[in-house]
Amino acid sequence: MNKEIITGAEALMRSLEHEGVTTLFGYPGGSIMPVYDALYDHRNTLNHILVRHEQGAVHAAQGYARVSGKCGCAIVTSGPGATNTITGIADAMIDSTPMVVICGQVGVSMLGTDAFQEVDVVNVTSPISKWSYQIRRAEDVAWAVSRAFYIANSGRPGPVVLDFAKNAQTSMVEYQPAKVDFIRSYNPAPAPSEDAINQAVALINSAERPFVLVGQGVELGNARAELKAFLEKIDSPAGCTFLGMSALPSDHPLNMGRLGMHGNYAPNVMTNKADVIVAVGMRFDDRVTGNLQTYAKQAKIVHLDIDASEFNKNVKVDVPVLGDCKQTLAIITEKVSKAEHKEWISSFRLYAQIEYDKVISKAIHPSDGPILMGEVVNKVTEATHNEAVLVTDVGQNQMFACRYFNFTKGRSVVTSGGCGTMGFGLPAAVGATFGAPDRTVCLFLGDGGLQMTIQEMGTIMEQKAPVKIILLNNNFLGNVRQWQEMFFNHRYSFTPMANPDYEMIAKAYSIPSRTVVTREELDGAINEMLSTDGPYLLQCAVMEEDNVLPMTPPGANIDEMLLELEK
């Protein structure tokens, strides 16, 4: 039987199809042109979304991956095309988002000559990716693609970079699909230690004041059902990280809210009162722990994670349980004793009521004055019956959105966590509409972040991507302004912003829009946005000096939250 002889570029197309890829985000250029030429014949099976900037391609791939559970894929050219993806690759690495980025590269004979648009992509991206590899021969295409997707999707997910030399794209090869499902020295699914499981069970059974910290690992491991069963058997309150917010329904009686600097009062205070903490798929980020010297010193800590490098990295734990949390949670749940902690759970309610009275009620139900960010978020989540996908940019818009948006479904949070990338929101929301085409995608952003990737409105226009854009416009770089108010004596150094007419910009991109400046307009505008087919821009003129509260000041103990600011 004769094998088919095809180009390396065609081999890439077939390898992507073999991996189940259906959607690509990209931007063509000189060193990737053979690939785009091959893609022309695969338009019916590989839906390529032309973005307006390579950073948009990787963020869109991230948004697609986060809501779909599949691996995102981006294709760009060499040189500046590749370097424009660096921010998104770093963002995906720290937030554990599976993604394969394919970059064009000059031919092998030109490497090291400072050829036009030559950049050493492998060495640039190695520190911020799970694997970075240069394909120099067409014979290696099928193997490299299969290995890339295996690494990106397995274990703790993350980004992989393939640097595709131009000669490898044009050379001929006898194509044979490859299947990589084993790599020596790489163990993405370690078997749980029976001893560690038993130690964890003993600690949990001894707990009088247990507290479970829920991270994104629950979502990545598809362990929402296992988490719920575990919580209900041990009758433990839970707090969620921002990336883990939709792992547990917002209205679940054991869900006490969000952890961290701008999280909820009760879970942060009670972290330093619990006697046993069970951390599931989270990394004890500094925004969650506050001052490490005082963080949960009274508690025994059980840490469930698939990545051993997270154990004792920031917080010393008593029982590390290595493994897939879908498996480890199920085993522990089977072994632990049924418990009841009514008094401990009710103690959270006291702090929750204090926060509601001092912060939440004023944020979502103001009586007068300018529109507040919190009330906009609250009205949108209520109008979508808490079933929408939340996408945010970075800044105050992100903090308010994550505080007041609620969830009933998993894989509903797309936000830049560890990297805090302004400009993430718009392209990520585009990707989310392709990853979850049957769901409403609500994007909250500020005037600063929108202008960083505003060109992706062109992608929305061309694709008619149904992103519901809620622009919380306060004419400031709001988060930095808040810190300047609190810690720099109100010296607003280069945070006020002169803004363009966003409605005119939206009109230029054929995106329906509306601006609201009064509270009375808000409900009608939100209903108009949600009932409009396709994309929509709702600009809300919000209070300029609104602040996100509660807040744990940087370096403070996690339970030293400010509920209000001194006048």
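Scroll up to find the structure.
Residues numbered from 1 in each chain as written. Predicted model: local features only at pLDDT ≥ 70, side-chain atom pairs only at ≥ 80, totals over all residues. Heavy atoms only, no water.

**Structural notes on the packing of helix 9 (residues 194-206) against helix 14 (residues 325-335)**
When two helices pack together, their arrangement is given by the angle between the helix axes and by the axis-to-axis distance. The N-to-C vectors of helix 9 and helix 14 enclose an angle of 55°; their axes lie 10 Å apart at closest approach. In terms of axis orientation, helix 9 runs oblique to helix 14. As helix 9 packs across helix 14, the resulting crossing turns out to be right-handed. Mapping the contact onto sequence places Glu-194, Ile-197, Asn-198, Ala-200, Val-201 and Ile-204 in helix 9 and Thr-328, Ile-331, Ile-332 and Lys-335 in helix 14. By residue class, the composition of the contact of helix 9 with helix 14 is 6 nonpolar, 2 polar and 2 charged. (Axes fitted to C-alpha atoms, helices over the stretch in contact; angles between N-to-C directions. Helix = DSSP H or I, 4+ residues; strand = E, 2+ residues; numbered from the N terminus. Parallel < 35°, antiparallel > 145°, perpendicular 65-115°, else oblique. Left-handed = near helix turned anticlockwise from the far one by under 90°. Contact = heavy atoms within 4.5 Å. Nonpolar A, V, L, I, M, F, W, Y, C, P; charged D, E, K, R; others polar.)

**Side note on the sheet that holds strand 5 (residues 99-105)**
Pairing is parallel across the open sheet formed by 6 strands, whose spatial order is 3-2-4-5-7-6. Among the strands making up the open sheet, the edge pair consists of strand 3 (47-50) and strand 6 (131-135). Averaged over all pairs of adjacent strands, the angle between their axes in this sheet comes to 20°, without regard to strand direction. Here strand 4 (residues 72-76) pairs with strand 5 via 5 bridges, running parallel. (Pairing = 2+ DSSP bridges.)

**Quick notes on the sheet that holds strand 13 (residues 300-305)**
Strand order in this open sheet of 6 strands is 11-10-9-12-13-14, and the pairing throughout is parallel. Lying at the two open borders of the sheet, with one neighbouring strand each, are strand 11 (255-258) and strand 14 (319-322). Here the average twist between neighbouring strands, direction ignored, is 20°. Pairing of strand 13 with strand 14 involves 4 bridges; the strand directions are parallel. Bridging from a neighbouring strand, Leu-304 pairs with Val-321 of strand 14. Across the sheet, helix 14 touches strand 12 (276-280), strand 13 and strand 14, and the angle it forms with strand 13 is around 135°.

**Some points on the side chain of Thr-384**
Position of Thr-384 relative to the elements: it lies in the loop between helix 16 (373-383) and strand 15 (389-392). Using a relative accessible area of 9% as the deciding quantity, one classes Thr-384 as buried. Within the structure, Thr-384 has its side chain in polar contact with the backbone oxygen of Thr-381 (distance 3.1 Å). Once residues within four sequence positions are removed from consideration, Thr-384 is found in contact with Phe-405, Cys-442 and Leu-530. (Buried < 20%, exposed > 50% of the residue type's maximum accessible area, 1.4 Å probe, protein only. Polar contact = N/O pair within 3.5 Å; in protein donor to acceptor, adjacent residues only side chain to side chain.)

**Here we look at the packing of aromatic side chains**
Under the counting rule described, the total for this entry stands at 15 aromatic pairs. Summarising the aromatic geometry, the rings of Tyr-133 and Trp-143 are spaced 5.3 Å apart at their centres and angled 75° between planes, so their arrangement reads as edge-to-face. Remark: Trp-143 occurs in helix 7 (residues 141-153) and Tyr-133 occurs in strand 6; sequence separation between them is 10 residues. Three or more aromatic residues link up through ring pairs in this structure, and these residues are Phe-25, Tyr-64 and Phe-434. In this arrangement the basic side chain of Arg-43 is found over the ring face of Tyr-40, its NZ or CZ atom lying 3.7 Å from the centre. One residue, Arg-147, lies across the ring of Trp-131, its end atom 4.5 Å from the ring centre. (Phe/Tyr/Trp six-rings, centres within 6.5 Å; stacked < 30°, edge-to-face > 60°. Lys NZ or Arg CZ within 6 Å of the ring centre and 35° of its normal.)

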